[in-house]
Amino acid sequence: MKKLFSIFTLFIFALVMSCGESQFDAGKAPVKAQPLTDKPNTVNGAVTKGSFTVYTIPADPQPKQDYDVVIEVKLPASATNYSASDLSGCVIGTDKYVYVMNRGTYTYGLSKSSIGAGGLLGGYFNTSANGLPQVVNSCTDLNSVPDTAFVDLFAPSFVGESQKATFKIRIPGAAVLVKDRIQVQSTLLNESQNFDITF
C-alpha cells in the first residue's frame with residue numbers, strides 16, 4: 001500500500017511540474033479561456049463601438065425587472081457644455097417597447113392611462129389604422145410621428161463630464177426576456193452606431 005501511495009504521489013508531482021509556471025504560478029488557478037465575443041471584459045458587459053459605449057444596469061435583468069440602458073459618449077477635448085440634445089436615437093425592444101431619445105416612450109397612439117403607469121405596453125397595442133406606425137424597426141420609422149404620440153413614463157438622466165457624457169434610460173421590465181436594439185447618433189461627432197443587447 002505504501003508503495004502504491006508513493007507511486008501515486010510521484011505521478012501527481014510530475015503532472016504538476018509538467019504544467020509549468022504559466023498555469024500554476026504562485027498557487028494561482030489556471031486562467032480560463034475567454035470566449036470570442038464583441039463584449040469587452042468590463043463591468044456590466046459593456047460594448048464599445050466608436051465613440052459610444054452601451055451597457056445595462058443590472059447587466060442581466062430578470063423578466064419583469066426594470067433596468068437602465070446606459071449610453072456613454074466619449075467626447076473630444078474641444079467639446080464644452082455638451083448637451084443631451086446633440087444625441088438622437090432610440091431603444092427598440094422585441095416586446096414592442098420603444099423609447100426615442102429626447103422625445104419619450106412611443107404610445108402607438110394610445111393614451112397614457114391605457115398603457116399603464118409602468119409603461120408595460122405589451123398586450124395593449126391597437127392594430128387598427130390610426131395613422132401611426134404599429135411596427136417599429138428603426139428610429140426613422142417615427143420621424144414624422146407627432147410629439148403627442150410620446151409620453152415621459154420614466155425621465156431619463158443625463159450627466160456631462162470632462163470628455164464623457166452619460167445618458168441613462170429607464171426601461172420597464174418585460175414579461176419575458178427580450179432583445180433590445182439601441183440606435184444612437186451624435187451630430188457633434190458625426191457618428192451613429194447600432195447595438196443589440198439580448199437578455
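Note: the structure precedes this text.
Residues numbered from 1 in each chain as written. Predicted model: local features only at pLDDT ≥ 70, side-chain atom pairs only at ≥ 80, totals over all residues. Heavy atoms only, no water.

1. Looking at the environment of Pro146
Tracing the backbone shows Pro146 in the loop between helix H2 (112-115) and strand S7 (150-151). A relative accessible area of 42% places Pro146 in the partly exposed class. (Helix = DSSP H or I, 4+ residues; strand = E, 2+ residues; numbered from the N terminus. Buried < 20%, exposed > 50% of the residue type's maximum accessible area, 1.4 Å probe, protein only.)

2. Observations regarding the packing of aromatic side chains
Across all of its chains, the model carries four aromatic pairs by this definition. Where Tyr106 meets Tyr108, the ring centres are 4.6 Å apart and the plane angle is 45°; that geometry is what we call tilted. Here Tyr108 falls in the buried class, since its relative accessible area comes to 1%. Arranged with centres 5.5 Å apart and planes meeting at 45°, the rings of Tyr106 and Phe150 form a pair that is tilted. With Tyr106 in strand S6 (residues 104-106) and Phe150 in strand S7, this pair connects stretches of sequence that are 44 residues apart. Judged by its relative accessible area of 0%, Tyr106 is buried. A relative accessible area of 8% means that Phe150 is categorised as buried. Chaining the aromatic ring pairs together yields one cluster made of Tyr82, Phe158 and Phe167. Looking at Lys49, its charged tip hangs above the ring of Phe195, at a distance of 5.3 Å from the centre. (Phe/Tyr/Trp six-rings, centres within 6.5 Å; stacked < 30°, edge-to-face > 60°. Lys NZ or Arg CZ within 6 Å of the ring centre and 35° of its normal.)

3. A short note on unusual backbone geometry
Of note, the bond from Ile57 into Pro58 is cis; its omega dihedral lies within 30 degrees of zero at -5°. Along the polypeptide, Pro58 turns up in the loop between strand S2 (52-57) and strand S3 (67-74).

4. Focus on the state of the cysteines
All chains considered together, the criterion is met by one disulfide. For Cys90, the disulfide goes to Cys139, at an S-S distance of 2.0 Å. One disulfide, between Cys90 and Cys139, carries an S-S torsion of -100° and so falls in the left-handed class. In this pair, Cys90 sits in strand S4 (residues 87-93) while Cys139 sits in the loop between H2 and S7, placing the two residues 49 residues apart along the sequence. In this pair, the class of Cys90 matches that of Cys139, namely buried. (Disulfide = S-S within 2.5 Å.)

5. Focus on the side chain of Thr56
Looking at the element boundaries, Thr56 is found in strand S2. On the basis of relative accessibility, which here comes to 2%, the residue Thr56 falls in the buried class. At 3.2 Å, the side chain of Thr56 forms a polar contact with the backbone oxygen of Ala59. (Polar contact = N/O pair within 3.5 Å; in protein donor to acceptor, adjacent residues only side chain to side chain.)

6. Here we look at the sheet that holds strand S9 (residues 164-171)
In spatial order, the strands read S1-S2-S3-S9-S8; together these five strands make up an open sheet with antiparallel pairing. Edge strands, defined here as strands with exactly one partner in the open sheet, are strand S1 (47-49) and strand S8 (157-161). Pairwise comparison of adjacent strand axes, ignoring direction, gives a mean angle of 15° for this sheet. (Pairing = 2+ DSSP bridges. Axes fitted to C-alpha atoms, helices over the stretch in contact; angles between N-to-C directions.)

7. Re the sheet that holds S4
Ordered in space as S7-S6-S5-S4-S10-S11, the six strands form an open sheet in which the pairing is antiparallel. Each end of this open sheet is capped by a strand with a single partner; those strands are S7 and strand S11 (191-198). Both S6 and S7 contribute to a ladder of two bridges, which runs antiparallel. Looking across to S7, one finds that Thr105 is bridged to Val151.

8. Quick look at the environment of Arg103
Structurally, Arg103 is set in the loop between strand S5 (98-100) and S6. Through-space distance from the C-alpha of Arg103 to that of Gly89 is 9.8 Å; in sequence the pair is 14 residues apart. When sequence neighbours within four positions are dropped, the list of residues in contact with Arg103 reads Leu142, Asn143, Val145, Pro146, Asp147, Phe150 and Asp152. (Contact = heavy atoms within 4.5 Å.)

9. Observations regarding the side chain of Thr105
Mapped onto the elements of the fold, Thr105 is located in strand S6. With relative accessibility at 1%, the residue Thr105 sits in the buried group. A distance of 2.7 Å separates the side chain of Thr105 from the side chain of Tyr97, its partner in a polar contact.

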